[in-house]
Amino acid sequence: MVNFLNSISLVSKMATDDYVGFTFFVGCMAMMAASAFFFFTMNDFDRKWKTSILISGIITFIAAVHYFYMRDYWAVVGESPTFFRYVDWTLTVPLMCVEFYLILKVAGAKPSLMWKLILASVIMLVTGYAGEAIYTTGSGPAVWGLFSGLAYFYIVYEIWFGGAKKLAEAAGGAVLKAHKTLCWFVLVGWAIYPLGYMAGTPGWYDAVGTWGLNMDVIYNIGDAINKIGFGLVVYAAAVASRAEKA
Ligand SMILES: *C/C=C(C)/C=C/C=C(C)/C=C/C1=C(C)CCCC1(C)C
C-alpha cells in the first residue's frame, strides 16, 4: 500500500542519510524565503539600490525554481542534476556580475566592466560543464577544470586588483565596504565550487570526495552561502548608504 501510494504521488521517500536530498529540500525553502525578503524590502530604498536588491531577489528566485527541479530530479532519477545545475549557474552568476557593476555605477563604472565579468563567468561555467558532463574520461575533467579555473582567477583579479577595485576606492563609504565584502565572497565563497567539482569528477584530485562530502552537498552549501549571502551584502550596503545620507 505504501509503495503503491509512493508510485502514484509525486512525493518520494527520503532516507535519513540522504544529505543530497536534504540539502536540495532545505535549499528550496531558503531560496524562496530569501526571494520573499528581497522582493518585499526593495521598496524601502531609493532607485539605485532598489534595482540592486531586485536583482538579489531574482538571483535567489531563479535558484529556488531550479532547486525544486533538482530536488525532484534527485529524488526520482537518483543522479546529479548536472544540466539544471549549470543552467541555474549560467543565469545567476552573470547576474552577480551585474551586481558588481550596479554597485560601482555611482563611481562611473562602464558597461564594459560588466561585460568583461559576464564573459569570463560564462567561459568559467561552459568549460566547467564540459569537464563535468561532456569530456568525462581521461584527463578531460582536469583540463577543462583548469580552463574554468583560469576564467575564475581572471574574475578574482579584475575585482580585487583591476578596474573594479579602483572604482570602488573612488566611491568610498558603503560602496567600498560592500565591494570588499563581495570580493571575499568571490575569493572564498566561490572557491567552494571547484572543491565540489574535484569531489565529483575523476582525476588525481578526487580524494576530496573521500573527505565525506558529496559533490552536490558541496554545491548546495556553496549556493546557499553565495546567493543568499551575496544578496544580504547588497541589502546591508543599501541600509548603510541610506544612513550615510540621513
Ligand atoms: C550561484 C552560483 C554560483 C556563485 C556558482 C559559482 C560557480 C563557480 C565559481 C564554479 C567554478 C568552477 C571552477 C572554478 C573550476 C571547476 C568547474 C567549476 C565550474 C565548478
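Rules used in this analysis
- Residues numbered from 1 in each chain as written.
- Predicted model: local features only at pLDDT ≥ 70, side-chain atom pairs only at ≥ 80, totals over all residues.
- Heavy atoms only, no water.
- Near = heavy atom within 4 Å.
- Areas by Shrake-Rupley, 256 points an atom, 1.4 Å probe, with all protein chains shown as cover.
- 1 Å grid on protein atoms, 1.4 Å probe; cavity = no way out; pocket = protein on both sides within 12 Å on 5 of 7 lines; lining within 4 Å.
- Sits in = over half its atoms within 2 Å of the grid points.
- Helix = DSSP H or I, 4+ residues; strand = E, 2+ residues; numbered from the N terminus.
- Core = buried A, V, L, I, M, F, W, Y, C linked by side-chain atoms within 4.5 Å.
- Buried < 20%, exposed > 50% of the residue type's maximum accessible area, 1.4 Å probe, protein only.
- Contact = heavy atoms within 4.5 Å.
- Points joined across faces, edges and corners; volume = space filled by probe spheres on them.
- Nonpolar A, V, L, I, M, F, W, Y, C, P; charged D, E, K, R; others polar.
- Axes fitted to C-alpha atoms, helices over the stretch in contact; angles between N-to-C directions.
- Parallel < 35°, antiparallel > 145°, perpendicular 65-115°, else oblique.

**Some thoughts on the site of the ligand**
1) Next: Taken together, 17 residues surround the ligand, and among them Val93, Met124, Ser148, Tyr193 and Lys227 come closest.
2) Next: Protein burial of the ligand: of its 530 Å² of free accessible surface, 99% is covered by the chains.
3) Next: A majority-of-atoms criterion places the ligand in the largest pocket.
4) Next: Elements with a contribution of two residues or more to the shell around the ligand: α4 (82-104), α5 (111-134), α6 (140-160), α9 (192-200) and α10 (215-245).
5) Next: With five residues, the top contributor of residues to the shell around the ligand is α4.

**Quick look at the nonpolar core**
1) Next: Residues Trp49, Leu104, Met124, Ile159, Val186 and Trp190 are the most contacted members of the largest nonpolar core, which totals 65 residues.
2) Next: Per element, the largest residue contribution to this core is 12 residues, and it comes from α4.
3) Next: Apart from the residues within four sequence positions on either side, methionine 124 is in contact with Val93, Ser148, Ala151, Tyr152, Ile155 and Trp190.

**Digging into the environment of alanine 207**
1) Next: On the secondary structure map, alanine 207 appears in the loop between α9 and α10.
2) Next: What makes alanine 207 partly exposed here is its relative accessible area of 38%.
3) Next: Taking the C-alpha atoms as reference points, alanine 207 and arginine 242, 35 residues apart in sequence, are found 48 Å from one another.

**What about the environment of alanine 33?**
1) Next: Examined against the element boundaries, alanine 33 turns out to sit in helix α2 (residues 19-41).
2) Next: The exposure class of alanine 33 is exposed, given its relative accessible area of 51%.

**Digging into the layout of surface pockets**
1) Next: One number sums up the size of the largest pocket: a volume of about 550 Å³.
2) Next: Looking at the largest pocket, it is lined by 27 residues, and the ones nearest its centre are Gly145, Ser148, Gly149, Tyr193 and Pro194.
3) Next: When residues of the lining of the largest pocket are traced back to their parent elements, those giving at least two are α4, α5, α6, α9 and α10.
4) Next: Here the lining of the largest pocket gets nine residues from one element, more than from any other, and that element is α6.
5) Next: In terms of residue class, the lining of the largest pocket is made up of 20 nonpolar, five polar and two charged.

**Some points on the packing of α2 against α10**
1) Next: One way to put it is that α2 packs onto α10 with a least axis distance of 9 Å and a crossing angle of 10°. Relative to α10, the element α2 lies roughly parallel. Residue-level contacts link Tyr19, Val20, Thr23, Phe24, Ala30, Met31, Ala34, Phe37, Phe38 and Thr41 of α2 to Asp216, Val217, Asn220, Asp223, Ala224, Lys227, Ile228, Gly231, Leu232 and Tyr235 of α10.
2) Next: Residue composition of the contact of α2 with α10, by class: 13 nonpolar, four polar and three charged.

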